[in-house]
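# Observations on the three-dimensional arrangement
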Amino acid sequence: MIVNVRVAADWSFQIKPGEPGPSYVMEEWGSRVDVVAALDDVPFVRHIGERLVRVVERFGGGVDGSERVGAEFVFDSGSVVADSWGGDLRMISG
């Protein structure tokens, strides 16, 4: 199964099963989003093919603090923390 981890236009952190989408143009912003293979320095790449042991969601956004703002993905050989940081997806090896 493939899992998409992304930050949406409203800066919300999302985890959803599915395939990566195609590249697309955001005409209203005059920009293009290209979907490409991850570079070797992306923290998730070192864990491709490993067993995902658990995912620990992190909350704290929104008015009442119940909005998901990130998650820690724990694999057999380490972990990756992913979160929404100022509208960008930030990933750090744990």
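Note that the structure is a prediction, hence the values are computed from the model and not measured.

### Regarding the pattern of salt bridges
Any two side chains of opposite charge can pair, so long as their charged atoms come close to each other. Tallied over the full model, the rule gives five salt bridges. In this structure, the salt-bridge partner of R68 is E57, at a minimum N-O distance of 2.6 Å. Taken together, the residues span a long stretch of sequence, with R68 in strand 6 (residues 67–75) and E57 in strand 5 (residues 52–61) at a distance of 11 residues. In this structure E57 comes out as partly exposed when scored by relative accessible area, which is 36%. As a salt-bridge pair, R58 and E72 come within 3.9 Å of each other at their nearest N and O atoms. Of this pair, R58 sits in strand 5 while E72 is found in strand 6, placing the two residues 14 residues apart along the sequence. Judged by its relative accessible area of 21%, E72 falls in the partly exposed class.

### Brief notes about the packing of aromatic side chains
For the structure on display, the rule yields two aromatic pairs. Considering the side-chain rings of F44 and F73, the 5.2 Å spacing of their centres and the 75° angle between planes classify their relative orientation as edge-to-face. Taken as a pair, F44 in the loop between strand 4 (31–33) and strand 5 and F73 in strand 6 lie far apart in primary sequence, 29 residues in all. Owing to a relative accessible area of 4%, F73 belongs among the buried residues under this scheme. Relative to F75, the ring of F44 lies with its centre 6.3 Å away and its plane at 80°, an arrangement referred to as edge-to-face. Placement of F44 in the loop between strand 4 and strand 5 and of F75 in strand 6 is noted, with a sequence separation of 31 residues between them. Joined through ring pairs, the aromatic side chains of F44, F73 and F75 make up one cluster. The ring of W85 carries the charged tip of R90 above its face, separated from the ring centre by 4.1 Å.

### So, the sheet that holds strand 5
The strand order across the open sheet formed by four strands is 5-6-7-8, and the pairing between neighbours is antiparallel. Looking at which strands have only one partner, the edges of the open sheet turn out to be strand 5 and strand 8 (88–93). Across the sheet, the mean angle separating the axes of adjacent strands is 20° when strand polarity is ignored. In terms of strand pairing, strand 7 (residues 78–85) meets strand 8 through six bridges, oriented antiparallel. Along strand 8, the bridge assignment pairs W85 with D88.

Conventions used here
Residues numbered from 1 in each chain as written. Predicted model: local features only at pLDDT ≥ 70, side-chain atom pairs only at ≥ 80, totals over all residues. Heavy atoms only, no water. Salt bridge = Lys/Arg side-chain N within 4 Å of Asp/Glu carboxyl O. Helix = DSSP H or I, 4+ residues; strand = E, 2+ residues; numbered from the N terminus. Buried < 20%, exposed > 50% of the residue type's maximum accessible area, 1.4 Å probe, protein only. Phe/Tyr/Trp six-rings, centres within 6.5 Å; stacked < 30°, edge-to-face > 60°. Lys NZ or Arg CZ within 6 Å of the ring centre and 35° of its normal. Pairing = 2+ DSSP bridges. Axes fitted to C-alpha atoms, helices over the stretch in contact; angles between N-to-C directions.

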